[in-house]
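Reading the structure
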Amino acid sequence: MRERLAADVAVIGAGPAGTAAATALAEGGARVVLLDRAHFPRDKVCGDGLLPDAFAPLARLGVLDEVRRQARSVRGIRFHAPSGTRGFVPVEGLVIPRRVLDALLLARARSAGATVLEGWVLEGFDGEPGGWRAALFSRVESARRLEVEARRFVLATGASPRPRQLAGLRRAPRGGAAVRSYASLPAANPSELLIVFHRQRLPRGYYWAFPLEDGSFNLGCGVFASRPGDCSLIDETRRFAAQQGALQLQGEPRGAPLQSAFPRLEVALGKVLAVGEAAGLTRPFSGEGIGPALESGMLAAAALAAGGDTAGHYRRLLRRRFAREFAAYRWGERLLGWPWLLDALVRRVEASPPARTRVKEVLAATLSPASLLSLRGLGRLLLGR
């Protein structure tokens, strides 16, 4: 026998995308049930870094001040090009563990009026694809079963392909992967984000080391397109940690899939809207996903509040907000295959204040990435304009 709940909207997944959707919907008066398989606070594989594109949605949710209070503030990003050339771009950033950030966002959704249920695993849906009647869940640690009947469903389950399949959405293309660990790095700069490119060992991604408030660093590596025969990202994380002066990792490195295939992914089908990484909204080339996740959750809430053709309206909102930006970042991802060009760009950014300012404005979300990540944009950058 299944327990039963009824709601206007069932939000499945309580990461940034799901909690943003649940908060906006609940504040608009909807009956919202927000479910996640984990018990919070919980860990999540991520770089833990926030750039300014995430600040505005966090402010709209009313949690930015608290995030700033609990995060490490950094003054910019230090890039190491494949040749070893180094360049620095000053831009505000924050580093906060996902177990802290996501717990803050979940508390915000609960305070907005969403019913939060932790420890429930999505098993499937009841009804017809595109017109599901209810979502079906099982309890993680017991034999309990739950049926949540809702008029609409928001899928915020990250890059895992299984929930999309259960919801009837088309299969996502093969994505990338990332591995993360924590360590003390005595020689690293605690006021900078470090990004390192390597032409042989990681030709389709990068390494990172981001400082945390407790003095440790989140470090790891990722690729945007994983392929059979690739090197082990766990081994690469260990190697990078040793290279950066880590004496010992704090626990075993952990991995997770990445999905940056928007707009190729099907993001809506009838009553189901996919948000965040379930919609492929991790940015190509940069790997940043929290800002797009938060925004997509709010856009899903806006489409649901508008009524009518919710799926079509949501698709249009996502394309209007992200399609041009993702096309630019996907074009920029080609740079990972041209290490000589990455070298030249990092040298130019370091030597030219106008070029450095343009990169800063893109990272600060005040300039479109299309003005930089294009033939014309790169040409201007190489000329120091």
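We now turn to the structure provided with this report.

Conventions and cut-offs
- Residues numbered from 1 in each chain as written.
- Predicted model: local features only at pLDDT ≥ 70, side-chain atom pairs only at ≥ 80, totals over all residues.
- Heavy atoms only, no water.
- Pairing = 2+ DSSP bridges.
- Helix = DSSP H or I, 4+ residues; strand = E, 2+ residues; numbered from the N terminus.
- Contact = heavy atoms within 4.5 Å.
- Axes fitted to C-alpha atoms, helices over the stretch in contact; angles between N-to-C directions.
- Buried < 20%, exposed > 50% of the residue type's maximum accessible area, 1.4 Å probe, protein only.
- Salt bridge = Lys/Arg side-chain N within 4 Å of Asp/Glu carboxyl O.

Taken together, the eight strands give an open sheet; going across it, the order is β3-β5-β4-β11-β12-β13-β10-β14, and neighbouring strands pair in mixed fashion. Looking at the sheet topology across the chains shown, the edges are occupied by β3 (49-50) and β14 (254-258). Relative to strand β5 (residues 86-95), β3 runs antiparallel, the two sharing two bridges. Paired with Leu50 across the strands is Leu94, a residue of β5. Packed onto the sheet, helix α6 (residues 233-243) meets β10 (176-183), β11 (192-198), β12 (202-211) and β13 (217-223) and runs at close to 140° relative to β13.

Here we come to the pairing of strand β4 (residues 72-80). As paired elements, β4 and β5 share eight bridges and run antiparallel to each other. Note on β5: the bridge partner recorded for Val74 is Gly93. Hairpin geometry of β4 and β5 is characterised by an intervening segment of five residues between the two adjacent antiparallel strands and by a positive phi of about 100° at Gly84.

Most peptide bonds take the trans configuration, and most residues that are not glycine carry a negative phi. Residue Phe40 is joined to Pro41 through a cis peptide bond whose omega torsion reads 0°. The omega angle of the peptide bond from Phe262 to Pro263 is 5°, so this bond is cis rather than trans. By secondary structure assignment, the location of Pro263 is in the loop between β14 and β15 (268-269). Backbone geometry places Asp48, a non-glycine residue, at a positive phi of 70°. The phi dihedral of Phe285 falls on the positive side, at around 70°, and the residue is not glycine. Summarising the element assignment, Phe285 is placed in the loop between β16 (272-274) and α7 (290-306). For Phe285, a relative accessible area of 16% puts it in the buried group.

On inspection of all chains with the given rule, the structure shows 30 salt bridges. Here Glu147 makes a salt bridge to Arg4, at a shortest N to O gap of 3.3 Å. Of the two residues, Glu147 is situated in strand β9 (residues 145-155) and Arg4 in strand β1 (residues 3-12); the sequence distance between them amounts to 143 residues. Among the residues examined, Arg4 registers a relative accessible area of 55% and is labelled exposed. As a salt-bridge pair, Glu149 and Arg133 come within 3.6 Å of each other at their nearest N and O atoms.

With respect to the helices and strands, the residue Val45 is situated in the loop between β2 (32-36) and β3. What makes Val45 buried here is its relative accessible area of 15%. For the pair Val45 and Arg99, spaced 54 residues apart in sequence, the C-alpha separation works out to 9.7 Å. Sequence-distant contacts of Val45, that is, excluding residues within four places in its chain, are made with Ala178, Arg180, Arg254, Gly255 and Ala256.

Turning next to the environment of His313. With respect to the secondary-structure elements, His313 resides in helix α8 (residues 310-333). Spatially, the C-alpha atom of His313 lies 5.8 Å from that of Ala303, the residues being 10 residues apart in sequence. Non-local contacts of His313, meaning those with residues more than four positions away in its chain, are made with Ala303 and Ala306.

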